[in-house]
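Here is how the chains run, residue by residue.
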Amino acid sequence: MKRYLYLYFQFLVIAMLFLASCVSHPDVPSSSKEVKSLPAIFPDYCNVTVPFNIAPLNFMLPAGEYEACVARFTTPDGQQQTYGSGVKVQIPESEWHEMLQASKGKRIKVEVWGLQIPSSGDQKAGEWLSFTPFEISVAEEPIDEYLSYRLIEPSYAAWTYMEIAQRKLTSFEETQIFNNEITMNNKAIGQCINCHSYQNYKTDNMLFHVRLSNAGTVIVNDGKVSRVNMKRDYTISSGVYPSWHPTAKLVAFSTNRTRQGFHTANPNKIEVYDEASDLILYDVETDSVSIISNDSTLLEVYPTWSPDGKYLYYCKSVPLPEEMRDKDIRITYPKIQYNLYRRSFDVATHGFGEEELVYDAASSDKSVTLPRLSPDGRYLLFALGQYGCFHSRHHDADIVCIPMDQYTGTALTAETASALDLTSVNSDSYSDSYPSWSSNGHWMMLASRRDDDNYSRVYFAYFNNGKVGKAFLLPQEDPEYNTFLLKSYNRPEFMVEPVTISVEEFSRVFDK
């Protein structure tokens, strides 16, 4: 039944998008009242910097306050065009890309007018308001053409249907990479799919996990698909949280015993924690698993390679106070904190060096997760929260960026590291997590719950030599789409090319 409702919802969205495609070029209101504030548009695209190849930044005014919207776009060469239908501004892709090309390295001026809904009991026509104009800066650096993510309901809701999808960022085209329905074989137990990952942003070498029924890791090795079981007698579980080595057919994973708890009063709602976790290295060519680190007293998670493949970065918990070490983790979880470490790596021998403490978060009563190095190796991104290793539901979680030239072998701390100013990226009181870089290092990406505290959505921010722009939401053809789509965007990953293997071809590995 849920599947039929999902298909019906998709049909409604498609129908609405078709109707929205009838774009109008309305006249600017002949008279209006000037308002000395920016328009309250959704998404908030006021004064953002965007790549010159991004899809149209369609937006809307609040439907409960306005009944019409008109926007005028002026390019640096003086060309103007107006858009607006109802409260929405939806721009044809061809016209939008012409504007971006004409404005590369410069700014587009945007003026917005909104027709107010008459106040209650007032039968007179509403008044047009003219808002303070804003600008859209167009960067000369492109964004990667594709993005992939898992679409899933919030984890406090039961799920049956789940998919990994890919989106073309230069347009609104979205296609499936895989879904969990095709291999369930009418079983009552649903199948979980997760942890899609790519080598060097390309798709000839990639993987994703399948849990519960038909479990295994689906690996694409030079375009050939197979399913493997990475569980060994000496590992906690099969691998999770993968990171492909940039030059070798090697993947670093953590292997975890993960649990989930649900709060009744805590505003964070959900807690995900590990009872045990180690680090392993998987050799794709030989189907072999070796141990990187397996400290039985501590927790290790989130491995990620440096761009040159010479270091593996990861997060590791610090010892609990002695009086708490024998207590149940359901009691001690708010005290579990992770620091950031790295080990050198010899690709010829697959050997790892001694552990180095890179960032001591616990010294400031914090916990670091999800590290990512910029493609040039100059900057380190990570998520920082009060405790734990799963900040996707923690309201205090923010993204931090540190220049790596500050690390000279002595552990950095909040006091000794000069972190970049990311106030334009982080939200005030909602979870910001899953940070990553585009392949050219000029675009940060994160998953944030800032819009409604329930669903994580994808945000981008311009990055140029340590300067960071205002974060902006993934554009949609209908600006209301994200509020219609009751799904979270989980583990967003940049790609420079699409996955071309079909869902049906992936599914065949489950018949073997």
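Residues numbered from 1 in each chain as written. Predicted model: local features only at pLDDT ≥ 70, side-chain atom pairs only at ≥ 80, totals over all residues. Heavy atoms only, no water.

*Asks:* Explanation requested: the overall build of the protein in the structure shown.
*Replies:* Summing up its helical and strand segments, the protein has five helices and 34 strands in all. Here the C-alpha atoms of the protein give a radius of gyration of 24 Å, agreeing with the 24 Å that 2.2 N^0.38 yields for 512 residues. Here the C-alpha coordinates of the protein stretch approximately 75 × 55 × 45 Å along the principal axes. Among the 512 residues that make up the protein, the fraction classed as buried is 57%. (Helix = DSSP H or I, 4+ residues; strand = E, 2+ residues; numbered from the N terminus. Rg over C-alpha atoms; globule rule 2.2 N^0.38 Å. Buried < 20%, exposed > 50% of the residue type's maximum accessible area, 1.4 Å probe, protein only.)

*Asks:* Mind showing me how you'd approach empty space enclosed by the protein here?
*Replies:* One way to see where empty space is left: roll a probe the size of a water molecule over the atoms. Tallied over the entire structure, the rule returns four cavities of 30 Å³ or more. Roughly 60 Å³ of internal volume is contained in the largest cavity. Taken together, Glu271, Val272, Tyr273, Asp274, Leu299, Ile329, Tyr333, Ile336, Tyr338, Gly388 and Cys389 make up the full set of residues lining the largest cavity. Of the residues in the lining of the largest cavity, the class split is eight nonpolar, one polar and two charged. (1 Å grid on protein atoms, 1.4 Å probe; cavity = no way out; pocket = protein on both sides within 12 Å on 5 of 7 lines; lining within 4 Å. Points joined across faces, edges and corners; volume = space filled by probe spheres on them. Nonpolar A, V, L, I, M, F, W, Y, C, P; charged D, E, K, R; others polar.)

*Asks:* Before we go on, may I ask you to explain the layout of surface pockets in this structure?
*Replies:* The volume enclosed by the second largest pocket comes to roughly 450 Å³. Surrounding the second largest pocket, 22 residues form its lining, Ser296, Thr297, Leu298, Leu299 and Leu320 being those nearest its centre. Mapped onto the lining of the second largest pocket, the elements with two or more residues apiece are strand 19 (270–283) and helix 3 (329–332). When residues in the lining of the second largest pocket are grouped by element, the largest group, five residues, is from strand 19. Looking at the lining of the second largest pocket, its residues break down into ten nonpolar, six polar and six charged.

*Asks:* Looking at this structure, how should I read the sheet that holds strand 13 (residues 191–199)?
*Replies:* Hydrogen bonding along the main chain pairs the strands of a sheet, whether they run parallel or antiparallel. Strand order across the open sheet formed by four strands is 13-14-15-16, with antiparallel pairing between neighbours. Lying at the two open borders of the sheet, with one neighbouring strand each, are strand 13 and strand 16 (224–228). The sheet shows a mean angle of 20° between the axes of neighbouring strands, taken without regard to direction. As defined by bridge partners, strand 15 (residues 216–221) adjoins strand 16 across five bridges and the pair is classed as antiparallel. Within strand 16, the position partnered with Ile219 by the bridge is Ser226. (Pairing = 2+ DSSP bridges. Axes fitted to C-alpha atoms, helices over the stretch in contact; angles between N-to-C directions.)

*Asks:* Would you take a moment to explain unusual backbone geometry for this structure?
*Replies:* Only a minority of non-glycine residues have a phi that is not negative, and only a minority of peptide bonds are not trans. A cis geometry characterises the amide bond from Phe42 onward to Pro43, with omega recorded as -10°. Residue placement: Pro43 occurs in the loop between strand 1 (33–34) and strand 2 (48–51). Here the phi dihedral of Leu370 falls at roughly 50°; this positive angle occurs in a residue that is not glycine. Take Leu370: it is sitting in strand 26 (residues 367–373). In this model, Asn465 sits at a positive phi of 55°, which is unusual for a non-glycine residue. Mapped onto the elements of the fold, Asn465 is located in the loop between strand 31 (457–464) and strand 32 (467–468). With a relative accessible area of 53%, Asn465 lands in the exposed category.

*Asks:* What exactly am I supposed to notice about helix 2 (residues 93–102) here?
*Replies:* Since the α-helix packs 3.6 residues into each turn, any two residues three or four apart lie on the same face. Burial in helix 2 covers these residues: Trp96, Met99 and Leu100. Buried residues along helix 2 cover an arc of 100° about the axis, so they all sit on one side. Summarising the contacts, the buried residues of helix 2 are in contact with strand 2, strand 4 (66–74), strand 5 (80–83), strand 7 (107–116) and strand 9 (134–139). (Arc of directions from axis to C-beta. Contact = heavy atoms within 4.5 Å.)

*Asks:* Just to check I follow, could you spell out the packing of aromatic side chains for this structure?
*Replies:* Each aromatic ring pair is specified by the distance between its two centres and by the angle formed by the two planes. Scanning the entire structure with this criterion turns up 21 aromatic pairs. Look at Tyr379 and Phe463: their rings are 4.9 Å apart centre to centre, the planes differ by 75°, and that puts the pair in the edge-to-face class. Placement of the pair is Tyr379 in strand 27 (residues 379–385) and Phe463 in strand 31, with a sequence separation of 84 residues. Accessibility assignment for this pair places Tyr379 and Phe463 in one class, buried. An aromatic cluster is defined as three or more aromatic residues linked by ring pairs; in this entry it consists of Phe178, Phe208, Phe506 and Phe510. Positioned above the aromatic ring of Phe52 is the side chain of Lys104, whose terminal nitrogen or guanidinium carbon lies 4.0 Å from the ring centre. The ring of Tyr341 has Lys316 sitting right over it, with the charged end atom 5.8 Å from the ring centre. (Phe/Tyr/Trp six-rings, centres within 6.5 Å; stacked < 30°, edge-to-face > 60°. Lys NZ or Arg CZ within 6 Å of the ring centre and 35° of its normal.)

*Asks:* Would you mind showing me how to read the pattern of salt bridges here?
*Replies:* Pairs can form between side chains of opposite charge whenever their charged atoms are close. Applying the stated criterion to the full structure yields 21 salt bridges. In this structure, a network of salt bridges that share partners links the residues Asp295, Lys316, Arg343 and Glu355. (Salt bridge = Lys/Arg side-chain N within 4 Å of Asp/Glu carboxyl O.)

*Asks:* Please clarify how the sheet that holds strand 28 (residues 398–403) should be interpreted in this entry.
*Replies:* Read across the sheet, three strands follow the order 26-27-28 without closing on themselves; strand pairing throughout is antiparallel. The sheet is open, and its two borders are formed by strand 26 and strand 28, each paired with just one other strand. Each adjacent strand pair in this sheet contributes to an overall mean axis angle of 30°, direction not counted. Pairing analysis gives six bridges linking strand 27 to strand 28, with the strands arranged antiparallel. Bridge pairing in strand 28 links Leu384 to Asp398.

*Asks:* Looking at this structure, how should I read the side chain of Thr75?
*Replies:* Structurally, Thr75 is set in the loop between strand 4 and strand 5. A relative accessible area of 5% means that Thr75 is categorised as buried. Separated by 2.4 Å, the side chains of Thr75 and Asp77 make a polar contact. Sequence-distant contacts of Thr75, that is, excluding residues within four places in its chain, are made with Met99 and Ser103. (Polar contact = N/O pair within 3.5 Å; in protein donor to acceptor, adjacent residues only side chain to side chain.)

*Asks:* Please explain the pairing of strand 30 (residues 443–448) as it appears in this structure.
*Replies:* Within a regular strand, the side chains alternate between the two sheet faces. Across the six residues that make up strand 30, a large majority, six, are buried. The hairpin formed by strand 29 (residues 432–437) and strand 30 contains five residues between the paired strands, and Gly441 there has a positive phi angle of roughly 75°. The pairing of strand 30 with strand 31 spans six bridges and is classified as antiparallel. Across the sheet, residue Leu446 finds its bridge partner in strand 31, namely Tyr459.

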